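Inside the fold
These are the residues of each chain, in order.
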Amino acid sequence: MEKVNRFIVKFSRFLQFLTIIAMALLGICLSVVLFIELFDLSTQLFTLNLSNIYFKILDDVIIFFLFFEFVAMIISALKHNGHISVNFLMSLGVTALLRGLIATHGEPVEIVLYALAILLLIIGMVILNRFIK
């Protein structure tokens, strides 16, 4: 039985090592995509034809920050040996919903749903910080 337990411990460490390597590779790929988005955004901003592309630029800025948050999440996970705090994930959810709220472009039902989801996440964060920690 002791041999099985040692094998299980070694196998779980190996899987954790593979997970950390996969997250590091994902972080590298997302960093490359982040810089590609930054380059595309800068070329759009410095073009002379700025008429009727405000929403396109806004969407590209939102996509840029989405990739930026994914990279921040992977950095946080790598710093904590593959673990991410629930509070960090909830704050990422709030910022993602805020970006979605900015990008809705005037759909009333969608705006209310985004606002309710943000409110629920913030209430959940307050409950988590006040009563569970």
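Given the structure is predicted, the values throughout are model-derived calculations rather than measurements. Here the residue index of a chain counts from 1 through its sequence in written order. Two thresholds apply to this predicted model, a pLDDT of at least 70 for residue-level local features and 80 or more for giving and counting side-chain atom pairs, whereas whole-chain, interface and lining totals are computed over all residues. The basis for every side-chain value is the complete set of heavy atoms in the structure, and neither hydrogens nor water enter the calculation.

What follows is about the packing of helix α3 (residues 86-103) against helix α4 (residues 108-132). Each axis is a line fitted through C-alpha atoms, and for a helix only the stretch in contact is used; angles between axes span 0 to 180 degrees, taken between their N-to-C directions. Counting from the N terminus, the helices are DSSP H or I runs at least four residues long and the strands are E runs at least two residues long. Relative orientation of the contacting elements α3 and α4 amounts to 160 degrees, with a least axis distance of 9 Å. With respect to α4, the axis of α3 lies roughly antiparallel. Between α3 and α4 lies a crossing whose hand is left-handed. Two secondary-structure elements touch here, α3 through Val86, Asn87, Met90, Ser91, Gly93, Val94, Leu97, Leu98, Gly100 and Leu101 and α4 through Ile111, Tyr114, Ala117, Ile118, Leu121, Ile122, Gly124, Met125, Leu128 and Asn129. Ten residues, namely Ala, Val, Leu, Ile, Met, Phe, Trp, Tyr, Cys and Pro, are considered nonpolar, four, namely Asp, Glu, Lys and Arg, are considered charged, and the remaining ones, Gly among them, are considered polar. For the contact of α3 with α4, the class distribution of residues is 14 nonpolar, six polar and no charged. Orientation labels follow simple angle bins: below 35 degrees gives roughly parallel, above 145 gives roughly antiparallel, 65 to 115 gives roughly perpendicular, and whatever is left gives oblique. Helix crossings are classified by the rotation of the near helix relative to the far one: an anticlockwise turn of less than a right angle makes the crossing left-handed, while a clockwise turn makes it right-handed. Only heavy atoms matter for contacts: two residues are in contact if any of them lie within 4.5 Å across the pair.

Summarizing the sequence annotation, UniProt attributes the feature "transmembrane region" (unreviewed entry) to residues 20-41, 61-78, 85-105 and 111-132 in the numbering used throughout. Counted over residues 20-41, helix gives 100% and strand 0%. Its end C-alpha atoms are 31 Å apart. Secondary structure over residues 111-132 splits into 100% helix and 0% strand, and the C-alpha atoms at its two ends are 30 Å apart. UniProt positions are given in the numbering used here, feature names are shortened, and annotations may be inferred rather than shown by experiment.

We call a set of buried residues a nonpolar core when its members are Ala, Val, Leu, Ile, Met, Phe, Trp, Tyr or Cys and they connect through side-chain atoms within 4.5 Å of each other. Exposure categories follow from relative accessible area, calculated using a 1.4 Å probe and restricted to protein chains: below 20% of the type maximum is buried, above 50% is exposed, and the middle band is partly exposed. Grouped together as the largest cluster of nonpolar side chains are eight residues: Met23, Leu30, Leu34, Phe64, Phe67, Val71, Ile74 and Ala77. Of all elements in the fold, only α1 (2-45) and α2 (54-79) reach the threshold of two or more residues within this core. It is α2 that contributes the most residues to this core, five residues altogether. Beyond its immediate stretch of four places on either side in the chain, Val71 contacts Leu30 and Ser31.

Okay, the pattern of salt bridges next. Two side chains that carry opposite charge are able to pair once their charged atoms sit near each other. Definition used for salt bridges: Asp or Glu carboxyl oxygen within 4 Å of a side-chain nitrogen of Lys or Arg. Throughout the structure, instances matching the rule amount to two salt bridges. Put simply, Glu69 and Arg99 hold a salt bridge, and the shortest N to O gap is 3.0 Å. Of this pair, Glu69 sits in helix α2 while Arg99 sits in helix α3; the two residues are 30 residues apart in sequence, bridging distant segments of the chain. Just as Glu69 is buried, Arg99 falls in that class too.

Take α1 next. For an α-helix, the turn length of 3.6 residues means that residues three or four places apart are oriented alike. The span one expects for a helix is its residue count, reduced by one, times 1.5 Å. Under the 1.5 Å per step criterion, the end-to-end length of α1 is 64 Å for 44 residues, consistent within 8% with the ideal 64 Å. By the burial criterion, the buried members of α1 are Met23, Gly27, Leu30, Leu34, Glu37, Leu41 and Gln44. Turning to α1, the residues buried within the fold contact α2.

Here the focus is the packing of aromatic side chains. What counts as a ring pair is set by centres within 6.5 Å for rings of Phe, Tyr and Trp (its six-membered ring), and what kind of pair is set by the plane angle: stacked under 30 degrees, edge-to-face over 60, tilted for all other angles. In total, this model carries four aromatic pairs according to the counting rule given. A ring pair is formed by Phe64 and Phe65, whose centres lie 5.3 Å apart and whose planes are at 75 degrees; its orientation type is edge-to-face. Ring centres 6.4 Å apart and planes at 85 degrees place the aromatic pair Phe65 and Phe68 in the edge-to-face group. A residue pair is termed a helical-turn pair when its members lie 3 or 4 positions apart in one helix, as Phe65 and Phe68 do in helix α2 at three residues. Looking at Phe65, the relative accessible area reads 41%, which means it is partly exposed. Through pairs of rings, three or more aromatic residues link up here, namely Phe64, Phe65 and Phe68.

Looking now at α3. Its 18 residues place the ends of α3 26 Å apart at the C-alpha level, agreeing with the 26 Å of an ideal helix rising 1.5 Å per residue. Listing the buried residues of α3 in full gives Met90, Leu92, Val94, Leu97, Arg99 and Gly100. In this fold, the buried residues of α3 make contact with α2 and α4.

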